[in-house]
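Listed below, chain by chain, are the residues.
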Amino acid sequence: MRSRVRPFRPEDLSAYLTLRLALWPEGGDDLEEVEGLLQDPDQAAFVAEVEG
């Protein structure tokens, strides 16, 4: 099984919000907060993908 790390893309947002909600049930799905973080030039977001 191969994996790769790549920059976060807008199409990842739905899965990312689902993950945040699982980790932080009391507010992990705050779209405004996430969008603010993703637009902050001092922040970086990456996605780890596993093929297969």
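S.K.: Just to check I follow, could you spell out the packing of helix α1 (residues 13-23) against helix α2 (residues 31-39) for this structure?
M.R.: Between two packed helices, the angle of one axis relative to the other and the distance separating the axes together describe the packing. Following both chains from N to C, one finds α1 and α2 inclined at 120°, their axes separated by 11 Å at the closest point. Classified by the angle their axes make, α1 and α2 are oblique. Here the hand of the crossing between α1 and α2 comes out right-handed. Taking contact as the criterion, the partners of L13, Y16, L17 and R20 in α1 are, on α2, L31, E33, V34, L37 and L38. Counted by class, the contact of α1 with α2 contains seven nonpolar, no polar and two charged residues.

S.K.: In this structure, what is going on with the pattern of salt bridges? I would like to understand it.
M.R.: Between side chains of opposite charge, a pair can form as their charged atoms come close. Under the definition given, this model contains five salt bridges. Ionic pairing is found between E49 and R4, a salt bridge with its closest N-O pair at 2.8 Å. Residue E49 is found in strand β2 (residues 46-50), and its partner R4 is found in strand β1 (residues 3-7); the two are separated by 45 residues along the sequence. On the basis of relative accessibility, which here comes to 43%, the residue R4 falls in the partly exposed class. Among the ionic pairs, R9 bridges to E11, the shortest N-O distance being 2.8 Å. On the basis of relative accessibility, which here comes to 55%, the residue E11 falls in the exposed class. If you follow the salt bridges from partner to partner, you end up with R4, R6, D12 and E49 in one network.

Conventions adopted
Residues numbered from 1 in each chain as written. Predicted model: local features only at pLDDT ≥ 70, side-chain atom pairs only at ≥ 80, totals over all residues. Heavy atoms only, no water. Axes fitted to C-alpha atoms, helices over the stretch in contact; angles between N-to-C directions. Helix = DSSP H or I, 4+ residues; strand = E, 2+ residues; numbered from the N terminus. Parallel < 35°, antiparallel > 145°, perpendicular 65-115°, else oblique. Left-handed = near helix turned anticlockwise from the far one by under 90°. Contact = heavy atoms within 4.5 Å. Nonpolar A, V, L, I, M, F, W, Y, C, P; charged D, E, K, R; others polar. Salt bridge = Lys/Arg side-chain N within 4 Å of Asp/Glu carboxyl O. Buried < 20%, exposed > 50% of the residue type's maximum accessible area, 1.4 Å probe, protein only.

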